[in-house]
Structure formats: C-alpha cells, structure tokens
Amino acid sequence: MTPPPLLLTVNGRPRPLEGVPASERLIDTIRWRLGLKGTKDGCRTGDCGACTVLVDGVSTLSCLTLTHEVEGSSLSTIEGMAEDPVGRAVQEAFDRAGALQCGYCTPGFVVALVGLLRERGRAASVDELLADLGGNLCRCTGYLSIARAVALLQKEAP
Amino acid sequence: MSSLTFVTPASVDAAIAELRTGEPGEVAVLAGGTALLFALEGAKAAPRRVVSLRRLPWRTVDWNGPVLTVGSTLPLRSLERDPELATRHPGLFEAIRAVGSVQLRHRATLGGNLGRASPASDLIPVLLALDAEVEMVGPTGARSLPVDRFVLGSRRTALAPGELIRAVRFPEPRPSAYRWQRVRPANDISQIAVAAAFSPSAGSWRLAVGGIPPRGVRVPEAEAMLLSSRPTEAEIRGAAERAARHLTIATDRRASEEYRRHLVETLIERAVRAVVESPKGGR
C-alpha cells in the first residue's frame, strides 16, 4: 500500500514528495527527506519550540504535526528567512544583540518571532512578544539577549 | 505504526462514515493533532487509521446576539484573536492563553481539547463556568449536551461511536476570569486552575476548578457563598475556604494535596476579585 505523493511548497519552491508514510512527522520530512537541517529537533513533545516552522504563514510545531495533515501548504523554515524582509530583520536583530550562545534554539526563536511579527506587526509591545515566545526554551538561558533583540526590532520595525 | 492510514474526508457524512470503519481504538480523530502524536507513538494499542477533520467546514466563530458558537476545528489562536472575545468572554480568553504556546494554539482546537477530556484541560473549567453546550453530530443526527454532562471523567466523554463534536455554544457573555498556577507559564500543566463567572441571566456565580483528576468540576458549595454580583470580602473568603475544604484532592508528582488546597483557596479569591473588578463585572 503506497501512500499517494503529496505536494508542499518549501521556502517558495514546490516540492512534490513521494512515499511519505502517514505517520511521518513534519520535522522528519523537513530534516531527513528535504535535508533542511536548520529546523532543530529538541524534545519531540511540543515543549521546547526548537522545531518551529511557518505553515501558511503561522508558527507551527513541526514535531507535533503530521506531514500529510499540511499537504498543499506553504512551508517556511529558517533557511527561507533570509529571503523574507521580516525574517532578515529578525536575524539581524539577533546578530546585533548577540542573542545566541550554542545556537540550537535560535532557528525556533527566529521563526516563532517572524510569525508573531507577521500576525501582530508594530501593534505588539515587547512584553507581549516575549510572553508569546513562552513556548520557546533556551537551555543556555540566554533570554536577556533574546529580549534585547526583540526590543531592537520593535524600536526599528521592518 | 507503518501500517497507519491517513484520510481527509470532504464532508461531515463522509467523516462519520470513516469513524465506523474500524474497531474502537483503531480509528483516531485528528482535529489539531497536538495530542494525537503522543497516542500514535506511545500507546500499546495505537490507532491504525487517522481521520483528519481539516476539510470540514467547522473553523468558524459566530456571534449571534448574546450567543457565541465556536466551530470545533477552529484553531484556538484564531478564537483568541477574535476582536470580541477578550471583552465578552474574558475568562475564556485567559484560559485559551494558558493552553500550550502560540505555536501549539495555531493547531490545537476547542473540539480536540474537549474530545480528549484530559483532567489537565485548561478549557474545561471555563466551559463549565460559562455553561457551554457541546453540539455533536453523528450517524443518527445532531444533539447537544451541557459540558457538565459531556465530560464524564478522565479521557471519557458522552460521544457515542461515530459521533463528532461540531461546535461549542456559549449562551451569554459573562464577566469571567481564569487563574492558574504551574511551574512554567507556557507548555505546562496547571497544578490548580480556577474559572469564575457571574451569570447575569441567572443572577448567580459559577466557580469551577481544574487540575485535579478525574476532571474539572464546579463547586456549588462555594458558589452558594457568593450572594450577589458584588460579593463582600467575607463572602469571597468564605467561598474560597469552602472550596478548598470540600474538593476531593490528591497528591501527585505535580503538587501535594496540601499545596493544591492552598492554591484552590488563593486562586478562587483572585479569580472572583478579578471578575468583580473587571469593567463589566459586578454590574
């Protein structure tokens, strides 16, 4: 019983996928089938946010999503952020604020923040954005510099 | 797990028919899927067929006079961002904000939370306090039940074989509040959570407590202590003490019985005061 091929648009490019089992998680499709290793595999239980990607523009835990469930969707991963004005601004803010240490949580934070800024834009206060990043963990505990990056962004919104 | 089949029925009738294609436990319903993934990998008797509800027309919010009807497969984040919700149902808004994280709420749904009927649900207490009605549809037609009679116990609901939750209906806007305690604000389970609401039509209070198995419960003994829409401090403290004394509470790995009783008391006081002090609270 061969599952039908499914189509995803990944960072703007159509990617038809053959033979994806019904049980495959989106994170495994992204990392192992598409070879995009920027999306990190942290807890696989939805606790850490490291696997955050945008599905049709909204932040989603790729570890708690079956690939078949997002068939036909448009996916943005950390690899696509440099091509996006908001994505670039967030990455530059993280750079300027030194908002990473080991870097493992960074793709998840960046993509989650891009999703929030797309939803809320300039209307969101720094405190609201930080509260809404509560689903992302940094095990180096570098939260202060991440908060600084968010503050930089909202002073100089893209 | 390799033999798992994934189907996306295009109509309600087709979805109901899909539910009857296997033995109980073999077919799993996917609304947002945030809880289902654990079931697929963890359980001894894992489901073999996943029925996704994503093509059903249930991602809706409908304000009709005082009545709010929320489609069962609407992502919680969409409900949270509805411009009317925070003012008309502040307790529901606060409870939704307590569920998981933004990323999780982009997929998780009200129907999924109710259907799962976890004792840790952050939504069941507030649904109790708002007298929510659960609308179901199944092989023999549609029916609805008050949430109190829908959730039967831990992971047990009144859903009959082949039935799906179609929507949840809230009869009237209520001054309401939701207060919780847990280790981590996001992505954690409340050790105790309290929903408080004042019903303008009934002229009485609803107090519901979550975080204690087997399921969220109302506390009528405590509700009866609140004598008006603007209860006195003595009434509020009396209600909180009574709830802390009356509830059946056990120790587990998240919190001791003693700490939980303390939390029930404190959070009831805070939730009731929040309702009274809210712009539309206490008249």
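What counts, and at which threshold
- Residues numbered from 1 in each chain as written.
- Chains lettered and ligands numbered in written order.
- Predicted model: local features only at pLDDT ≥ 70, side-chain atom pairs only at ≥ 80, totals over all residues.
- Pairing = 2+ DSSP bridges.
- Helix = DSSP H or I, 4+ residues; strand = E, 2+ residues; numbered from the N terminus.
- Axes fitted to C-alpha atoms, helices over the stretch in contact; angles between N-to-C directions.
- Buried ≥ 20, exposed ≤ 12 C-beta atoms within 10 Å, placed from the backbone.
- Contact = placed C-beta atoms within 7 Å.
- Nonpolar A, V, L, I, M, F, W, Y, C, P; charged D, E, K, R; others polar.
- Domains from an automatic or database assignment.

Peer 1: Please explain the sheet that holds strand β4 (residues 61-64) of chain B as it appears in this structure.
Peer 2: Strand pairing in a sheet relies on backbone hydrogen bonds. The paired strands run either parallel or antiparallel. All names here are of chain B. Reading across from one edge, β4-β5-β10-β6-β7 is the order of the 5 strands in this open sheet, with antiparallel pairing throughout. The sheet is open, and its two edges are formed by β4 and β7 (141-146), each paired on a single side. In this sheet, neighbouring strand axes are inclined to one another by 20° on average, regardless of whether the strands run parallel or antiparallel.

Peer 1: For this particular structure, what's the right way to read the environment of B:I192?
Peer 2: All names here are of chain B. Position of I192 among the secondary structure elements: in strand β12 (residues 192-199). Of the residues examined, I192 has 28 C-beta atoms within 10 Å and is grouped as buried. Once residues within four sequence positions are removed from consideration, I192 is found in contact with Q181, V209, G211, R260, L263, V264 and L267.

Peer 1: Explain the interface of chain A and chain B here, please?
Peer 2: By convention, interface size is frequently given as the accessible area that disappears when the constituent parts associate. On the chain B side, the residues contacting the 22 residues of chain A number 23 residues. Of all the elements in the fold, those that place two or more residues in the side of chain A that touches chain B are β4 (58-61) and α3 (106-120) of chain A. The element best represented in the side of chain A that touches chain B is β4(A), accounting for 4 residues. Of the residues assigned to the side of chain A that touches chain B, the class counts are 8 nonpolar, 10 polar and 4 charged.

Peer 1: Please clarify how the domain arrangement of chain B should be interpreted in this entry.
Peer 2: All names here are of chain B. Segmenting chain B into domains produces domain 1 (5-52), domain 2 (61-170) and domain 3 (176-277). Centre-to-centre separation of domain 2 and domain 3, based on C-alpha positions: 20 Å. Each partner contributes residues to the interface: domain 2 has 23 residues there, and domain 3 has 24 residues. Elements with a minimum of two residues in the side of domain 2 that touches domain 3: α5 (90-97), α8 (124-129) and β8 (151-153).

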